[in-house]
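Chains, contacts and geometry: an overview
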Amino acid sequence: FTLLEQSYARERYPLLEARTALAEALNLTAHQVHQWFVNKRQREAASGSEAPQRKAKKSKPLPPAAHQALAAHQAQPPQQPRTHAQPPAAGSEKALGDERD
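What you see is a predicted model; the values in this text were computed from it and never measured.

1. Focus on the overall build of the protein chain
- Across its full length, the protein chain carries five helices and zero strands.
- For the protein chain, the succession of helices and strands along the chain, N to C, is α-α-α-α-α.
- Taking all 101 residues of the protein chain together, 19% fall into the buried category.
- In the protein chain, the share of contacts with a sequence separation of at least 24, taken over all contacts with a separation of at least 6, comes to 59%.
- Accessible surface, the protein chain: about 8400 Å² in total, of which carbon and sulfur atoms supply 54%.

Have a look at this one:
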């Protein structure tokens, strides 16, 4: 198994954080990792095996770089979600409106 296949066996739809950690460990972009998962799901659907049953094998452990990248990413504080319309900051010209006269 490759690192991507091991990850796919655990989670068919990894979150951005996991894709980013895999990308860092494999020296790829997060988009390339995302596309690999999309293609893998399409190949499985086309072959008719939605969730293949595999014989239990001892898989290789993830490389230390993957663990380190994932741990470093998980240690970062979560970012605030972006919204399309942010209210103007207090004291800005738009917030003051007609009060500037």
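2. A look at the packing of helix α2 (residues 16-26) against helix α3 (residues 30-47)
- Running from N to C, α2 and α3 point in directions that differ by 110 degrees, and their axes come no closer than 8 Å. With respect to α3, the axis of α2 lies roughly perpendicular. Here α2 and α3 pass one another in a crossing that is right-handed. From α2, Arg 19, Thr 20, Leu 22 and Ala 23 reach across to α3, where they touch Ala 30, Val 33, His 34 and Phe 37.
- The residue makeup of the contact of α2 with α3, split by class, is five nonpolar, two polar and one charged.

3. Focus on the nonpolar core
- In this structure, Leu 3, Leu 4, Tyr 8, Leu 22, Ala 23, Val 33, Phe 37 and Ala 66 together form the largest nonpolar core, which totals eight residues.
- Going through the elements one at a time, α1 (3-10), α2 and α3 are the ones with two or more residues in this core.
- By residue number, the principal contributor to this core is α1, which donates three residues.
- Among residues more than four places away in sequence, those in contact with Ala 23 are Leu 28, Thr 29, Ala 30 and Val 33.

4. Structural notes on the packing of aromatic side chains
- In total, this model carries three aromatic pairs according to the counting rule given.
- Ring geometry for Tyr 8 against Trp 36: centres 6.2 Å apart, planes inclined by 85 degrees, an arrangement best described as edge-to-face. Taken together, the residues span a long stretch of sequence, with Tyr 8 in helix α1 and Trp 36 in helix α3 at a distance of 28 residues.
- A residue is classified by how much of its surface remains accessible, and Tyr 8, at 4% relative accessible area, is buried.
- Both rings, one in Tyr 8 and one in Phe 37, keep their centres 6.0 Å apart while their planes meet at 40 degrees; by these two values the pair is tilted. With Tyr 8 in helix α1 and Phe 37 in helix α3, the pair connects residues that are 29 residues apart, well separated along the chain. Taken individually, Tyr 8 and Phe 37 each receive the classification buried, so the pair is uniform in this respect.

5. Observations regarding unusual backbone geometry
- One non-glycine residue with positive phi stands out, namely Asn 27, at about 60 degrees.
- Note that Asn 27 resides in the loop between α2 and α3.
- Here Asn 27 falls in the exposed class, since its relative accessible area comes to 72%.

Conventions adopted
Residues numbered from 1 in each chain as written. Predicted model: local features only at pLDDT ≥ 70, side-chain atom pairs only at ≥ 80, totals over all residues. Heavy atoms only, no water. Helix = DSSP H or I, 4+ residues; strand = E, 2+ residues; numbered from the N terminus. Buried < 20%, exposed > 50% of the residue type's maximum accessible area, 1.4 Å probe, protein only. Contact = heavy atoms within 4.5 Å. Areas by Shrake-Rupley, 256 points an atom, 1.4 Å probe, with all protein chains shown as cover. Axes fitted to C-alpha atoms, helices over the stretch in contact; angles between N-to-C directions. Parallel < 35°, antiparallel > 145°, perpendicular 65-115°, else oblique. Left-handed = near helix turned anticlockwise from the far one by under 90°. Nonpolar A, V, L, I, M, F, W, Y, C, P; charged D, E, K, R; others polar. Core = buried A, V, L, I, M, F, W, Y, C linked by side-chain atoms within 4.5 Å. Phe/Tyr/Trp six-rings, centres within 6.5 Å; stacked < 30°, edge-to-face > 60°.

No statement about biological role is implied by the geometric values presented.
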